[in-house]
Amino acid sequence: MNFDKFVDQIEEVRQQTYSLQQRITEAPHREDLLMQTFEQLNTSLEELHVVEEELFQQNEELFIAQEKLQKESQRYQELFDFAPDGYLITDVNGKILEANQVASQLLTIDKNLIIGKLLIIFVPQETRREFRNKISCLKEQTQLKYWETNLNNYQGNSFDCEISASIIKDNQDNSIGIRWILRDISARKQAEAKIRLMELQNYQLQETSKIKSKILAVLSHELRTPLNAVLGFSDLLLRLNRNLFNSQSINIVETIIRNGKQLLTLINDMLDFAKLEQGEIVLKLQKFNIEELINTIVEDLRFFANRKNITIDIHINVHDIRVSNDPIRVQQLLTNLISNAIKFTKSGSISIQLQELNEDKIIITVKDTGIGISEIDLLHIFQAFRQVNQTMNRTSQGTGLGLAIVKSLLDLMGGNITVESVLGEGSTFRVELPRIVNSEQC
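Residues numbered from 1 in each chain as written. Predicted model: local features only at pLDDT ≥ 70, side-chain atom pairs only at ≥ 80, totals over all residues. Heavy atoms only, no water.

1. Here we look at the overall build of the chain
Then, number 1: Counting secondary structure elements, the chain contains 11 helices and 12 strands.
Then, number 2: Expressed as a percentage of the 442 residues in the chain, the buried residues total 35%.
Then, number 3: A sequence separation of at least 24 residues applies to 59% of the contacts in the chain between residues at least 6 apart.
Then, number 4: For the chain, the computed accessible surface area is about 28200 Å², with 52% contributed by carbon and sulfur atoms. (Helix = DSSP H or I, 4+ residues; strand = E, 2+ residues; numbered from the N terminus. Buried < 20%, exposed > 50% of the residue type's maximum accessible area, 1.4 Å probe, protein only. Contact = heavy atoms within 4.5 Å. Areas by Shrake-Rupley, 256 points an atom, 1.4 Å probe, with all protein chains shown as cover.)

If you want it as structure tokens, here you go:
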């Protein structure tokens, strides 16, 4: 029951009381009429009591609703004040009516001093026209999302800001203000700039790598042609004139051939590496006997091991010695690993073990008792042009491409390589290869 109804009820009781008073004055039997009057008054009092209870209940409900409203208002104010972004309430022309703590900090001006100022004074001169256009469009579109621009704080320092805004309307759908969200994105912009710089540097590195690979490929081709001629004619010269040459002349020609072959190996490594980087090497898959291949490689390299009194042992522990892969490339990567073991072992032994990891994979382990590899060098061991000894007077020859080629070939085959080493005690290279390489992996 509302207050107007309650007033009407009181007026009705007053009218009834007046009417009863008139009747008592004029009636001949006053006692009977008086009883009737008391009954009517009691009824009216009961009705007033009911009305009073209804008003009391409504008053309690109103008080509870008011408490809830105050709590909601306080909660809104706390959310407004402690929100992670800057919040502003302006009129439709951009005059600031409310501001939270973050907005005050972003604009470096006290909350009390910011009230009444125009938001546009924090916009740089060169973007104010755009800002006015945004406000004009906002009145029609009712919303502005994620506009990235620059703002100047009250001290004149610029910062990157993301602005979102929406129109506030009254019950009659009239625009009465604008709600603004200001987010400092300076850190994000700096991070994006760093990422763009890194992407540019990576692109430049990739282009440089492509150019380097092309130079290596061209250079390798240009060197290999005359070198093959030198080796061919030297071999022919030796074969035709071995009986005519003295021992010194024979040694000279053999030295030419030996060093020429070593140089040809280096050139082939550079050419293969360039092709691997450019993705030009395709595996020629076929089934072959992996045990026979390992024995062939070891026999080819045993001469160099014997010259240093290094023993080479082979241990085969597989049920099925047939694999499907590119035998030439498998031979290349195993030759690199075993020749490295010979190169970096002064004395002792080299152990080569073939075993099964499971029905789909095999493991080839090359273990030596050589100079070992330091923990720092292990981090870069598979990088191109890296060797354990990077000094100018290193005793081991080579380009440092061997292990990089091994890693690239294994990636092409879907295999993997790991290394364990102790400086001064030796190294163990562990190669995992799929028993059957799929053509899709190539």
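Don't stop here, the text continues.
2. Quick notes on unusual backbone geometry
Then, number 1: Notably, T108 is not glycine yet its phi reads approximately 50°, a positive angle.
Then, number 2: With respect to the helices, strands and loops of the structure, T108 is situated in the loop between α3 (101-106) and α4 (111-114).
Then, number 3: Phi at N309 takes a positive value of approximately 55°, unusual for a residue other than glycine.
Then, number 4: The residue N309 is located in the loop between α8 (290-307) and β7 (310-317) in this model.
Then, number 5: By relative accessible area, N309 is classed as exposed at 65%.

3. Thoughts on the side chain of T365
Then, number 1: Secondary-structure assignment places T365 in strand β10 (residues 361-368).
Then, number 2: A relative accessible area of 14% means that T365 is categorised as buried.
Then, number 3: Apart from residues lying up to four places away in sequence, T365 is in contact with S351, I352, Q353, T428, F429 and R430.

4. Considering the packing of aromatic side chains
Note on aromatic pairs: each is described by the distance of the centres and the angle between the planes.
Then, number 1: Scanning all chains against the criterion turns up 4 aromatic pairs.
Then, number 2: Among the aromatic side chains, those forming a connected cluster through ring pairs are F131, W147 and W180. (Phe/Tyr/Trp six-rings, centres within 6.5 Å; stacked < 30°, edge-to-face > 60°.)

5. What about the sheet that holds strand β2 (residues 96-99)?
Then, number 1: The 5 strands lie next to each other as β2-β1-β5-β4-β3, forming an open sheet whose pairing is antiparallel. A single partner strand is all that each edge strand has here, and the edge strands are β2 and β3 (143-152). Neighbour-to-neighbour, the strand axes of the sheet open up by a mean angle of 30°, direction not taken into account.
Then, number 2: In terms of strand pairing, strand β1 (residues 86-90) meets β2 through 3 bridges, oriented antiparallel. Counted as the bridge partner of I89 is E98 from β2.
Then, number 3: With respect to the sheet, helix α5 (residues 128-141) is in contact with β3, β4 (158-169) and β5 (175-184), its orientation differing from that of β3 by roughly 160°.
Then, number 4: On the sheet, helix α6 (residues 186-241) packs against β3, β4 and β5 and is oriented at approximately 130° with respect to β4. (Pairing = 2+ DSSP bridges. Axes fitted to C-alpha atoms, helices over the stretch in contact; angles between N-to-C directions.)

6. So, the nonpolar core
Then, number 1: If you look at the biggest cluster of nonpolar residues, it comprises 59 residues, and the most contacted ones within it are I290, L337, I338, I350, I352, I364 and M413.
Then, number 2: Here this core takes 10 residues from helix α7 (residues 247-277), the largest share from any one element. (Core = buried A, V, L, I, M, F, W, Y, C linked by side-chain atoms within 4.5 Å.)

7. What about the pattern of salt bridges?
Then, number 1: All chains considered together, the criterion is met by 14 salt bridges.
Then, number 2: Measuring nitrogen to oxygen at the nearest pair gives 2.7 Å for the salt bridge that ties K189 to E148. Residue K189 is found in helix α6, and its partner E148 is found in strand β3; the two are separated by 41 residues along the sequence.
Then, number 3: Residue class for K189 comes out partly exposed when judged on its relative accessible area of 26%. (Salt bridge = Lys/Arg side-chain N within 4 Å of Asp/Glu carboxyl O.)

8. As for the packing of α7 against helix α11 (residues 402-413)
Then, number 1: The interhelical angle for the contact between α7 and α11, taken along N-to-C directions, is 40°, at an axis separation of 10 Å. Considered as vectors, α7 and α11 are oriented oblique to each other. Crossing geometry of α7 relative to α11 is assigned as left-handed. Between α7 and α11, the contacting residues are D269, D272, F273 and L276 on the first element and A404, I405, S408, L409 and L412 on the second.
Then, number 2: When its residues are assigned to classes, the contact of α7 with α11 shows 6 nonpolar, 1 polar and 2 charged. (Parallel < 35°, antiparallel > 145°, perpendicular 65-115°, else oblique. Left-handed = near helix turned anticlockwise from the far one by under 90°. Nonpolar A, V, L, I, M, F, W, Y, C, P; charged D, E, K, R; others polar.)

9. Observations concerning the confidence of the model for the chain
Then, number 1: On average, residues of the chain score 82 in pLDDT, and 82% of them are at 70 or above.
Then, number 2: Counting contacts from residues 390-396, a segment whose pLDDT is below 50, to residues more than four positions away or on other chains yields 7 contacts. (pLDDT = per-residue confidence, 0-100.)

10. Section: helix α9 (residues 327-343)
Then, number 1: For α9, built from 17 residues, the straight-helix expectation of 24 Å at 1.5 Å per residue is met to within 8% by its first-to-last C-alpha distance of 23 Å.
Then, number 2: Counted residue by residue, α9 has 12 buried out of 17 residues, so it is predominantly covered.
Then, number 3: Along α9, the residues classified as buried are P327, R329, V330, Q332, L333, L334, N336, L337, I338, N340, A341 and I342.
Then, number 4: The residue sitting at the N-terminus of α9 and contributing the capping side-chain oxygen is D326; that oxygen lies 3.1 Å from the backbone nitrogen of I328. (Expected span 1.5 Å × (residues − 1). Polar contact = N/O pair within 3.5 Å; in protein donor to acceptor, adjacent residues only side chain to side chain.)

11. Some thoughts on the pairing of strand β12 (residues 426-434)
Looking down a regular strand, the side chains alternate between one sheet face and the other.
Then, number 1: Extensive coverage of β12 is indicated by the burial of 7 of its 9 residues.
Then, number 2: Pairing of β10 with β12 involves 7 bridges; the strand directions are antiparallel. If you follow K361 over to β12, its bridge partner there is P434.
Then, number 3: Relative to β12, strand β11 (residues 416-422) runs antiparallel, the two sharing 7 bridges. The residue of β12 that forms the bridge with N416 is E432.
Then, number 4: Counting the residues in the hairpin turn of β11 and β12 gives 3 residues, including G424, whose phi is positive at 85°.

12. Description of the sheet that holds strand β9 (residues 348-356)
Then, number 1: On the basis of which strands lie adjacent, the open sheet formed by 5 strands has the order β7-β9-β10-β12-β11 and mixed pairing. Strands with a single pairing partner mark the edges of an open sheet, and in this sheet they are β7 and β11. Averaged over all pairs of adjacent strands, the angle between strand axes in this sheet comes to 10°, irrespective of strand direction.
Then, number 2: Contacts from α9 reach β7, β9, β10, β11 and β12, with the element oriented near 20° to β10.

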